[in-house]
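# Residue-level structure breakdown
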Amino acid sequence: MRWHAAIILAVALSSLVASRPALAGEDLDVDKVIRERVDAGYSVGIVIAVVKPEGTKFHAYGRVATDSEQTVNPDTLYELGAITSVFTAAVLTEMVERGDVKLSDPITKYLPEQVRPKSPDGKPITLGQLATHTSGLPRLPDNAAIDANPNNPWVDYSIGDLYSFLSSHEFAAAPGSEWRYSHIGYGLLGHLLAKKTGKGYESLLVDRICNVLRMDSTRITQNEDLAERSAYGHHSDAEVADWNVPALAPAGALWSTGRDLAQFLSASLGLTDTKLKPALASMRQVRTRTSNVHTEQAFGWQKASRFGAPIFFKSSGSGGYRSFLGFCPERKIGVAVLSNSAVDCADIGMHLLHEKYALRDLKKKSAVASQNLDDFEGRYIMPSGLIFLFSRKGDKLMVEQAGVDKLEMICEGADTYRYKMVDARFKFKRDANGAVSDVTLYQSGGTQVGRRIDPKTEPTQIELSATVLGRYVGRYVDTTRGMVFEVSKVGTDLFVQMDKPGAPVLQIYPKAEYEFFYKLVQATITFDRNDANMVNGMTLHMGSQEIKTVRRISNQIGG
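Thresholds, definitions, all that
Residues numbered from 1 in each chain as written. Predicted model: local features only at pLDDT ≥ 70, side-chain atom pairs only at ≥ 80, totals over all residues. Heavy atoms only, no water. Pairing = 2+ DSSP bridges. Helix = DSSP H or I, 4+ residues; strand = E, 2+ residues; numbered from the N terminus. Axes fitted to C-alpha atoms, helices over the stretch in contact; angles between N-to-C directions. Expected span 1.5 Å × (residues − 1). Buried < 20%, exposed > 50% of the residue type's maximum accessible area, 1.4 Å probe, protein only. Contact = heavy atoms within 4.5 Å. Polar contact = N/O pair within 3.5 Å; in protein donor to acceptor, adjacent residues only side chain to side chain. Phe/Tyr/Trp six-rings, centres within 6.5 Å; stacked < 30°, edge-to-face > 60°.

### Digging into the sheet that holds strand 18 (residues 424–430)
Taken together, 8 strands build a closed barrel; the order of strands is 13-14-15-16-17-18-19-20 and the barrel is antiparallel. Neighbour to neighbour, the strand axes of the sheet diverge by 30° on average, direction disregarded.

Structure below.
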C-alpha cells in the first residue's frame, strides 16, 4: 500500500461540479463508463457495486493484470488502502456500544507505562481524537527506514518503532485543537483496540465486523483462495508490488471485494438487519470539520453536503489501486468502486450518489511524434508562483507540480496537451525561432499563462551519497513562527515537508554539499552547521524571505 496521495490540481473530488447537463446518477450506463475507462487506459480492471433497497447490482470490466486473461468480477480482491480506517472505526463504535472502551479513554490507558506522548498542553490523546484525526499526530511517522527497502518500505516498521515515535514526537498542535489527517492515528487506534481485547487486529476485525456481516473475503492475510482471486496493482501501465504495513495495518492493510463491500454498505444504510446497526449509525455522527470547506469528519467517514442530501464517503489510493466507498442515507443508495490502477475513480462513485458531482471528461490519446516532446521539457512558472515541471518519459509527456504525483499528458493537437485524469489542458506557445517560450493553462473556464524558466539560470545539480544525505534527515523547528519541517531520505533522494495538514512532500536537489534547491517551488535551502560540523539547523530562502530553523530530532551519526 502506498500513501503518496495525489492532490489533483484545484478540481479535487469535493469541488467537481458538472460543466454540462449531467446524466442523473441512477440513469447512468455504468457498464459503458467502466468500459470507456479501461479501454482508454485509465484502469486495468474496475468493479462497481450499487446497493439499493431493491437489491445490489454489480458491474465489472477488465482484467486482474495487463498480462493476464483473468477478468475481474464481484469476487475479485482489491487493496483498500485507507478505506481500512472505516472498518477500524466500525470496530471502535462496536466496542463503545458494548462498553469495552469509551471515546474519552486516554490512549495512555492502553499503552505500556514507558510510552507517554508529550502533547503541548499536557493533555492526553483520546481514542475519539484518534478516530476523528484530531489527535495532533502527523500523517506518518518520521522514524521509518523507508529507504532500506523502497519496494516495500514499511514492512520492517514495528510496534516498537511506533512506540518510540510516540515517546519522542514533538507535537505541532495540542490534541483536539485541529483536524489533521493521520495514518499513524488510525494505525495506533486499531492497535490499542486489539490490545484491549487481547487479539490481533485482523482477528478482532473479523470477529466483530466481518463474521457478523458475512464478509468472508475481507482480510489482511490472504489464504490460497483469496490470493488466486486478487487483482494486481498498476501505476503508469506498469505492474507494481503490494506493500505490507504490519504496524499500521488498521490504517490501510485490508483487501476486499465488491461483494463484501456491498454487504457493508447495505448494513450502513440500514437495509440489513444486524446487531451492528447502533455501531454503524454512530459512525455517521459528525465530530469536526476537515480542512476542506465542503466536508466534515465523522468516525472513519467524511460527510459531504454540498448539494443537499448528505453523502458519507471515503476514497483511497495506494501504490497501484484506487477505491471509493460511500452511501447517501436519504436516497438509500450505496456505491463501492474498485480499480487496480493509480488513476482516481472516485468521480464515478460520487456521481452515482449525486448527479451534480461530475464524471471526468475522458480524452483519447492521439498520435504524436515522440521527438517533439523534447521541445516542451522544462519548468514553467505561473503568475501565482505555481510551477509546472514538464518532462519526457519515452513517448509520453509528463507533468509534475508541488504536492501532485507525476502525471501523463494526452496529446490533443499541435502543441496542446490535456491531463489524463483532470479536465484541464495546456497549450504551448513558440517564439519566432520555433522555441517554446510559455504555456497557457485552461481550467474551470479560466486561463493562466506560465513563463518558461530559462534553463541557463537553473542551478547545476550535483550528486551526493546516501550517507551524506543522511546527515540532514530530521525535524526542524522555526521557534519564531512555530513552523515545523520534516526532512526525510529515500535512497539518494532528499525530501522536505512542512508539518501541517495537506502539506506536500517536495524533493530538494543538491547544488553544493550543504545547499539545495527545489524544482517545484521558487526556493532554496541551506543546512546550517555548528563548530563540530554537525547539522544543527536549516534556512529556507524564498525570494527576499528567510526562515531559520533549529534541528530538534536528528538521526545524524557523524558530521
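### Description of helix 5 (residues 183–197)
With 15 residues, helix 5 extends 22 Å from end C-alpha to end C-alpha; this agrees with the ideal 21 Å at 1.5 Å per step. Among the residues making up helix 5, those that are buried are H183, I184, G185, Y186, G187, L188, L189, G190, H191, L192, L193 and A194. The inward-facing, buried residues of helix 5 abut helix 2 (84–98), helix 3 (127–131), helix 4 (159–168), helix 6 (201–213) and helix 8 (249–252). For helix 5, the N-terminal cap is S182; the gap from its side-chain oxygen to the backbone nitrogen of I184 is 3.4 Å.

### What about the packing of aromatic side chains?
What describes a pair of aromatic rings is the distance from one ring centre to the other and the angle between the planes of the rings. The full count for this structure, using the stated rule, is 23 aromatic pairs. Here the aromatic rings of Y472 and Y514 are separated by 5.9 Å at their centres, their planes lie at 80°, and the arrangement is edge-to-face. In this pair, Y472 sits in the loop between helix 12 (466–469) and strand 21 (474–478) while Y514 sits in the loop between strand 24 (505–512) and strand 25 (515–518), placing the two residues 42 residues apart along the sequence. Their ring planes at 75° and their centres at 5.3 Å tell us that Y472 and F516 sit as a pair that is edge-to-face. Of this pair, Y472 sits in the loop between helix 12 and strand 21 while F516 sits in strand 25, and the two are 44 residues apart along the sequence.

### Focus on the pairing of strand 1 (residues 45–52)
Burial of strand 1 is extensive: 7 of the 8 residues sit out of reach of the surface. With 8 bridges connecting them, strand 1 and strand 2 (residues 55–62) associate as antiparallel partners. Bridge pairing links I46 to Y61 in strand 2. Taken together, strand 1 and the strand that follows it, strand 2, pair antiparallel across an intervening segment of 2 residues. When strand 1 meets strand 12 (residues 333–339), the two strands line up antiparallel, connected through 6 bridges. Paired with A49 across the strands is A336, a residue of strand 12.

### Structural notes on helix 2
The terminal C-alpha atoms of helix 2 lie 22 Å apart, and with 15 residues this matches the ideal 21 Å at 1.5 Å per residue to within 8%. For helix 2, the buried fraction is high: 12 of the 15 residues fall into the buried class. Burial in helix 2 covers these residues: T84, S85, V86, F87, T88, A89, A90, V91, L92, T93, E94 and M95. Positioned one or two residues after helix 2, G99 has a phi angle of 90°, which is positive.

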